[in-house]
Amino acid sequence: KEAIDFTVHYLKLMTGGETPITSKMKFSAALFASIVLGSGAADAFTAGVRRSAKVSPVSLRETISEELGTPCEDECAMDSFPNMPASVHPGVVTGQAMLDLLDHAKENGYAIPAVNCVSSSGINACLEAARKNDAPIIIQFSSGGSQFYGGKGLSNKNYSAAIAGAISGAFHVRTMAEQYGVPVILHTDHCAKKLLPWVDGLLAASERYHAKHGEPLFSSHMIDLSEEPIEENIDICKDYLTRFAKIGMLLEMELGITGGEEDGVNNEDVAIEDLYSKPEEIFQVYDALTPISNMFTVAAAFGNVHGVYSPGNVRLEPKILTRAQAYISEKLGDKAPADKKPVSFVFHGGSGSDVSDIQEAIGYGVIKMNIDTDTQWSYWEGIKIFEKKWHDYLQEQIGNPEGADKPNKKYYDPREALRAAETNTVNRLDQCFADLKCTNILGLGAAEEADNVLGPRRGGLPV
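Undergrad: Now, about the overall build of the protein: what can you tell me, with residues and values included?
TA: Across its full length, the protein holds 16 helices and 14 strands. In the protein, buried positions account for 50% of the 463 residues. If you take every contact in the protein between residues at least 6 apart in sequence, the share linking residues at least 24 apart comes to 69%. Accessible area for the protein stands at about 22100 Å²; split by element, carbon and sulfur atoms hold 52% of it.

Shown next, in the form of structure tokens:
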């Protein structure tokens, strides 16, 4: 009888009937059929339910939680946030929702941290930090990071591993961003001319995803042709923006060169004048791209450098940005926006930058700042601190200061070191959110402590 009652309950749920549980949790027909009938009969069962109930397998703007039948409660189940535009929702935002989020940042004087990730562990740390700070976040992949995400054992011929890795990471972000209840812009970082086939593969995936879901898989991509002649840079960006605009994707383009070294790209010896963009060049970009779409940002160079260097070695000139805004506003005349900030700027090489420079740049229209070096260090430092604390328990499988026959399994469990890395990264990102004035933005209030302390079999950690 109990089995029949459950069957009736879930049949009602699957065919649109209301039950007391419907408002709290959603399960897919496929999942239920697999549990009750076994995988062999699941497909036939769900197909019959869809035919009888006339339920479309996938509806436009369906959330990942709805599509996959994963639990979705509390912040995850919210349609919008108390302090944000109505279009901005938990999970990956694209199209107008993404523009509304970026406009909100510019209007309210904050920038969104954009963190390079190479693993699901790093992604989870970013999402945890965003919820802790009640804020949006940008999660991005480089080509090298994408390849690593796919696995270094895969061949990257024709960028196949980097394409597959980025797509895999994208689905992880899409699934978990909803669960953490924060808005996420899903982005890819520097794509030089030789790497365009990588973005082409991701763009093709977004176009297919859009055809099925009504939005692209990724929110945005960066095309970095700053080492090419400016005319070629602009022409290629125009072509990509034309294609992006059809599916609601944003283009980030770079002008001038970001110094330093990152992900195998070394600009440490670049000419000093190339580290600073000119207002005329920025207007040239704005004038060329705006007729196609307003869905673009500009990573203009104002002395930015990847990496962390000794004080005095990096000379940022944020006022380049405000001079460009004034120059373009003058060119636009009556068509200039009221705030005289027609361009949304991106700050590259944010790690190690002085807070005063960061916040000055935000005042000039910076709405995104890239962070990589500092979070790379924080992740490693967390592991280093963990190893130092438990050093004597991490040398052998058996034998520690408590006894020669004592096992050490709970100390070398990979979850321990990885969680230490995540926790340290969350703490470092707290500083980033504060520096960018990106705290208490969504209106959710303080995050509740996670209920996962019931032991390793129920989500807790051994130590």
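Undergrad: Outline the packing of helix H6 (residues 120–132) against helix H8 (residues 160–180), listing residues and values.
TA: It is the contact of H6 with H8, at a shortest axis distance of 10 Å, that shows an interaxial angle of 30 degrees. In this view, H6 runs roughly parallel relative to H8, as classed from their interaxial angle. For the element pair H6 and H8, the recorded crossing hand is right-handed. Contacts between H6 and H8 involve Ser120, Ile123, Asn124, Leu127, Glu128 and Arg131 from the former and Gly169, His172, Val173, Met176, Ala177 and Tyr180 from the latter.

Undergrad: Lay out the pattern of salt bridges in plain terms, naming residues and giving numbers.
TA: The tally for this structure, following the rule as stated, stands at 11 salt bridges. The salt bridge involving Glu360 is made with Lys319; its shortest N-O contact spans 2.8 Å. Of the two residues, Glu360 sits in helix H13 (residues 355–363) while Lys319 sits in helix H12 (residues 319–332), which places them 41 residues apart along the sequence. Note on Lys319: relative accessible area 43%, which makes it partly exposed. Its salt-bridge partner being Arg415, residue Asp413 comes within 2.7 Å of it at the nearest N-O pair.

Undergrad: Tell me about the state of the cysteines, residues and numbers included.
TA: What the rule picks out here adds up to one disulfide. Residue pairing for Cys72: its cysteine sulfur links by disulfide to Cys76, the two sulfurs lying 2.2 Å apart. Between Cys72 and Cys76 the disulfide shows an S-S torsion of about -110 degrees. By sign, it is left-handed. Exposure class is identical for Cys72 and Cys76. Each is buried. With no disulfide of its own, Cys432 lies 9.5 Å from the sulfur of Cys126, the closest cysteine sulfur. Judged by relative accessible area, which is 4%, Cys432 ranks as buried.

Undergrad: Quick one: what's the story with the packing of aromatic side chains, residue by residue and with numbers?
TA: All chains considered together, the criterion is met by nine aromatic pairs. Each ring, one from Phe283 and one from Tyr327, has its centre 6.1 Å from the other, and the planes form 75 degrees; the classification is edge-to-face. In this pair, Phe283 sits in helix H11 (residues 279–289) while Tyr327 sits in helix H12, placing the two residues 44 residues apart along the sequence. With relative accessibility at 26%, the residue Tyr327 sits in the partly exposed group.

Undergrad: Can you break down the nonpolar core residue by residue, with the values?
TA: One finds Ile139, Phe218, Val298 and Phe345 to be the most contacted residues of the largest nonpolar core, which totals 105 residues. Excluding residues within four positions of it along the chain, Ile139 makes contact with Val115, Cys117, Ile123, Cys126, Leu127, Val173, Val184, Ile185, Leu186 and His187. Phe386, Trp390, Tyr393 and Ala420 belong to the second-largest nonpolar core, a separate cluster that totals five residues.

Undergrad: A description of the packing of helix H7 (residues 143–150) against H8 should follow, citing residues and the corresponding values.
TA: At a minimum axis distance of 7 Å, the contact between H7 and H8 shows a crossing angle of 80 degrees. Considering the angle they form, H7 stands roughly perpendicular to H8. Residues Ser143, Ser146, Gln147, Tyr149 and Gly150 of H7 form the contact with H8, whose own contacting residues are Ala161, Ala162, Gly165, Ala166, Ser168, Gly169 and His172. The residue inventory of the contact of H7 with H8, partitioned by class, reads four nonpolar, eight polar and no charged.

Undergrad: Got a sec to walk through the confidence of the model for the protein? Specific residues and values, please.
TA: Per-chain confidence: the protein averages 85 in pLDDT, with 77% of residues scoring 70 or above. In this model residues 18–60 is a low-confidence stretch, pLDDT under 50, and it forms 53 contacts with partners more than four residues away in sequence or in other chains. Long-range and interchain partners of residues 308–312, a stretch whose pLDDT sits below 50, account for eight contacts in this model, where long-range means more than four residues apart.

Criteria and cut-off values
Residues numbered from 1 in each chain as written. Predicted model: local features only at pLDDT ≥ 70, side-chain atom pairs only at ≥ 80, totals over all residues. Heavy atoms only, no water. Helix = DSSP H or I, 4+ residues; strand = E, 2+ residues; numbered from the N terminus. Buried < 20%, exposed > 50% of the residue type's maximum accessible area, 1.4 Å probe, protein only. Contact = heavy atoms within 4.5 Å. Areas by Shrake-Rupley, 256 points an atom, 1.4 Å probe, with all protein chains shown as cover. Axes fitted to C-alpha atoms, helices over the stretch in contact; angles between N-to-C directions. Parallel < 35°, antiparallel > 145°, perpendicular 65-115°, else oblique. Left-handed = near helix turned anticlockwise from the far one by under 90°. Salt bridge = Lys/Arg side-chain N within 4 Å of Asp/Glu carboxyl O. Disulfide = S-S within 2.5 Å. Phe/Tyr/Trp six-rings, centres within 6.5 Å; stacked < 30°, edge-to-face > 60°. Core = buried A, V, L, I, M, F, W, Y, C linked by side-chain atoms within 4.5 Å. Nonpolar A, V, L, I, M, F, W, Y, C, P; charged D, E, K, R; others polar. pLDDT = per-residue confidence, 0-100.

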